[in-house]
Amino acid sequence: MPPEEFLRDYWQKRPLLVRNAFAGFTSPISPEDLAGLACEELALSRIVAHDRAGDRWQLRHGPFPEALFPTLPNHDWTLLVQDVDKWDADVAALLPAFGFLPRWRIDDIMVSFAAPGGSVGAHVDQYDVFLLQGQGHRRWQIDTSPNPPVHYRLDTELKLLQRFTPDHEWVLGPGDMLYLPPGVPHHGVAEDACLTLSIGMRAPSAAELLGDFVDTLAAEADEGLRYRDPDLAVPADPNEIDAAAMQRVVEALNVLRMNDPARLGDWFGRFITTYRSPGTIAPGPVVPRIEAEWQLEHGHAWSRHPLSRMAWRRHGRGARLFANGEAFELPVADARRLASAESLDGATYAGLSQAGRDAAFALYEAGHYQVATDEEE
């Protein structure tokens, strides 16, 4: 299916099951490695267990001790780990397959391992997700009815649906993939021990956008811009907030509003490259610029930090490159090249303009790039 057809007919419109989406697929991560990752202090991990007899759900958050996993039962539990693409380069290697989507829209790859019968319950996601089966088999049920009921159970901290009436059902095997747009109730249950990779989208809520937008406006506001009433007339009632007063409030707020598309674009670029970030980038060991450039000229390369998020937008005759909330003024070619490059070698660095090389070195100093090891090169 051409990407244009998928975006026209399915994206944020209706689900799509793709059999053998990844032919001959072998999971890039094993259940054992996933369990090891769930023991890491900085990994975001959860275990969801279901007691079928009493229909009770239990949620535990990691990190987990290694000794826990051998004690778990052989059924009805699921381990979920977020942002596995930030930890495992083989998992991250799946992302180019989704290059028909804006890269800044893709959030992470979550990987789940489920023992037979394992599930996280019937629920609704408010973002697009591609559910790729890695190992074993999972039975998916979905409800595509218009305006399905979305009322949550009150007896668990998980946001599980009180009622779920599926109208489609499939069993997915390795390489099969199910796309779900936002708001489609779904329920997945492991037929056997299985791994599922979930490629999820960034979808900030209107409240999140507004909150950050207002914070930015307030931080940049001129204290001299205030409510004014030079046209004030004697009020009929001094205790009434009348229509004229409310009109002045609107005018005061409109002065703050970002009417400049460039300012609005800068705000969004900074916001979206930091939104739901699983961590921060700390500067690593750096060498003086002359030495770093000599290394690039003589066969070394810089690999991009897995937590580095970049996007760019046109700005006047040039562009702005955004990297985890920071902005750089660059020619369009440089911004495009840096945003897409997972690594920088000597030829790529030399092909940048002076502004591009300055930005690249500033990103290197900030930790966005690290000198690649021999294995990475």
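All values derive from a computational prediction rather than experimental measurement.

Asker: Could you give an account of the pattern of salt bridges, with specific residues and numbers?
Answerer: Per the counting criterion, the structure on display carries 24 salt bridges. One salt bridge in this structure joins D108 and R276, with 3.7 Å as the shortest N-O distance. One end of the pair, D108, is in strand β5 (residues 106-114); the other, R276, is in the loop between α7 (261-272) and α8 (289-297), with 168 residues separating them in the sequence. Assessed through its relative accessible area of 5%, D108 is described here as buried. For the salt bridge of E191 with R139, the shortest nitrogen-to-oxygen distance reads 3.1 Å. Pair noted here: E191 is in the loop between β10 (186-190) and β11 (194-201) and R139 is in strand β7 (residues 138-142), with a separation of 52 residues, a long-range link. With relative accessibility at 41%, the residue E191 sits in the partly exposed group. A relative accessible area of 28% places R139 in the partly exposed class. Residues joined by salt bridges that share partners form a network here, namely D83, D85, K86, D107, D108, R202, R276 and R309.

Asker: Quick rundown of the packing of helix α5 (residues 206-220) against α7? Include the residues and the values.
Answerer: At their nearest, the axes of α5 and α7 sit 11 Å apart, and the two run at 120° to each other. Taken as axis vectors, α5 and α7 run oblique relative to one another. Helix-helix and strand crossings are classified by hand; for α5 and α7 the assignment is right-handed. Contacts from E208, L209, D212, F213, T216, L217 and E220 in α5 reach R263, L264, W267, F268 and F271 in α7. In terms of residue class, the contact of α5 with α7 is built from seven nonpolar, one polar and four charged.

About the criteria used
- Residues numbered from 1 in each chain as written.
- Predicted model: local features only at pLDDT ≥ 70, side-chain atom pairs only at ≥ 80, totals over all residues.
- Heavy atoms only, no water.
- Salt bridge = Lys/Arg side-chain N within 4 Å of Asp/Glu carboxyl O.
- Helix = DSSP H or I, 4+ residues; strand = E, 2+ residues; numbered from the N terminus.
- Buried < 20%, exposed > 50% of the residue type's maximum accessible area, 1.4 Å probe, protein only.
- Axes fitted to C-alpha atoms, helices over the stretch in contact; angles between N-to-C directions.
- Parallel < 35°, antiparallel > 145°, perpendicular 65-115°, else oblique.
- Left-handed = near helix turned anticlockwise from the far one by under 90°.
- Contact = heavy atoms within 4.5 Å.
- Nonpolar A, V, L, I, M, F, W, Y, C, P; charged D, E, K, R; others polar.

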